[in-house]
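# Residue-level structural notes
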Amino acid sequence: MASLSHHALPRLAPAPAWARQAAWTAAPWLLPLALLTLWQTGASQGWISPQVLPPPAFVWDTLRDLATSGDLWLNTRASLQRVLVGFALGSLLGLLLGTAMGLSRRLEAYVLPTFNALVQIPVLAWLPFVLLIVGIGEPLKYILIAKAALVPVTLNTLQGFRQASPALREVARVYGYSRRQEVLEVVVPLALPTLFTGLRLGFTKAWLSLVVVELVASSEGLGYLIVYGRQLFQLDLVMAAVIVVGAIGYAIDRLLDWAETRLIHGRRGAATAPQVQP
């Protein structure tokens, strides 16, 4: 039997560019749509009791009622204020501390071991101690959220400042760079991707800590809505608040990713742009 030459096999034409782009865009939505379909199917077929897992339509009606009454905006604003203040404080301290340790091996040797020991303590373990000092008001929430953001920002900032090789820094000194120029023009550009990774991780930790803190000690906020719904066994309210928490967290993470892309690509474009001599 004569063998079939591979030249005789039909060759599939590559998919058009628009089809590949559409598939790439739709890919992240496949799993959420599958989960939503499974949720709706389970509710309509009676696989799970509505008291345990309300149908999607019921949760949507609750979410719409919260938005119409203004309760959703009131609690979302309270949560956003807390997380933004705490995240800003924690990130600022983390950037300063990480930069200081990154520029000084001696300071790193003194501070980093104690820092690594303290960061192993979870946020909730600090709650009774901070509660005795500042009470149950807003400063309690700001401090705990800032602590959560401080850890990844500090460690990633330190790692970023260590990415510049000693040889590269030595070349900068040979070309007459001052200490300030060396840091701003050599070390910081190399550290930017790691710094943004630390900021994104810091926001994730801050957002998770916000919900935990509001679950424990709060009279308003998205975490409070979750506790309130659980106490009244209104799981539609719990699910609505959880959806809002996830949506806001995802949106801010995408915003940080966009800012990272624009800043890093902008710096690379400026660095590779031809210089016009007068």
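Cut-offs applied
- Residues numbered from 1 in each chain as written.
- Predicted model: local features only at pLDDT ≥ 70, side-chain atom pairs only at ≥ 80, totals over all residues.
- Heavy atoms only, no water.
- Helix = DSSP H or I, 4+ residues; strand = E, 2+ residues; numbered from the N terminus.
- Buried < 20%, exposed > 50% of the residue type's maximum accessible area, 1.4 Å probe, protein only.
- Contact = heavy atoms within 4.5 Å.
- Areas by Shrake-Rupley, 256 points an atom, 1.4 Å probe, with all protein chains shown as cover.
- Core = buried A, V, L, I, M, F, W, Y, C linked by side-chain atoms within 4.5 Å.
- 1 Å grid on protein atoms, 1.4 Å probe; cavity = no way out; pocket = protein on both sides within 12 Å on 5 of 7 lines; lining within 4 Å.
- Points joined across faces, edges and corners; volume = space filled by probe spheres on them.
- Nonpolar A, V, L, I, M, F, W, Y, C, P; charged D, E, K, R; others polar.
- Salt bridge = Lys/Arg side-chain N within 4 Å of Asp/Glu carboxyl O.
- UniProt positions renumbered as here; feature names shortened; annotations may be inferred.
- Expected span 1.5 Å × (residues − 1).
- pLDDT = per-residue confidence, 0-100.

Moving on: the overall build of the protein. Across its full length, the protein holds ten helices and zero strands. Seen in sequence order, the protein has helices and strands lined up from the N terminus as α-α-α-α-α-α-α-α-α-α. The buried share among the 278 residues of the protein stands at 34%. Residue pairs in contact within the protein that sit at least 24 positions apart in sequence constitute 71% of those at least 6 positions apart. When the accessible surface of the protein is summed, it comes to about 17,600 Å², and 69% of that surface belongs to carbon and sulfur atoms.

What follows concerns the nonpolar core. Residues Val83, Phe203, Trp207 and Leu222 are the most contacted members of the largest nonpolar core, which totals 32 residues. Contributing elements (two or more residues each) for this core: α2 (56-69), α3 (71-103), α6 (138-161), α8 (179-216), α9 (222-231) and α10 (235-272). By residue number, the principal contributor to this core is α8, which donates ten residues.

Below, the discussion takes up the layout of surface pockets. By volume, the largest pocket is sized at about 620 Å³. Lining the largest pocket are 15 residues, with Trp29, Pro32, Leu36, Ile243 and Ala247 positioned closest to its centre. Breaking the lining of the largest pocket down by element, the ones donating at least two residues are α1 (17-44), α2 and α10. Class assignment for the residues of the lining of the largest pocket results in 14 nonpolar, one polar and no charged.

Considering all chains together, one arrives at ten salt bridges under this definition. Of the charged contacts in the structure, one is a salt bridge between Arg105 and Glu108, with a shortest N-O distance of 4.0 Å. Taken together, the positions of Arg105 and Glu108, both in helix α4 (residues 105-118) and three residues apart, correspond to about one turn of that helix. By relative accessible area, which is 60% here, Arg105 ends up exposed. The network of salt bridges with shared partners includes Arg82, Glu138, Lys141, Glu214 and Glu220.

In the numbering adopted here, UniProt assigns the feature "transmembrane region" (unreviewed entry) to residues 83-103, 115-136, 207-228 and 235-252. The distance separating the terminal C-alpha atoms of residues 115-136 is 26 Å; by composition the span is 73% helix and 0% strand. Helix makes up 100% of residues 235-252 and strand 0%, with an end-to-end C-alpha separation of 26 Å.

Now for α6. The end-to-end C-alpha separation of α6 is 34 Å, in line with the 34 Å expected for 24 residues at 1.5 Å each. Burial within α6 is extensive, with 19 of its 24 residues counted as buried.

A few words on the confidence of the model for the protein. Confidence in the prediction of the protein, expressed as mean pLDDT, is 79, and 79% of residues score 70 or more. Per-element confidence in the protein ranges from a low mean pLDDT of 65 for helix α7 (residues 166-174) to a high of 90 for α3. Considering only residues more than four positions removed or in separate chains, one finds that residues 269-278, a stretch of pLDDT under 50, has one contact.

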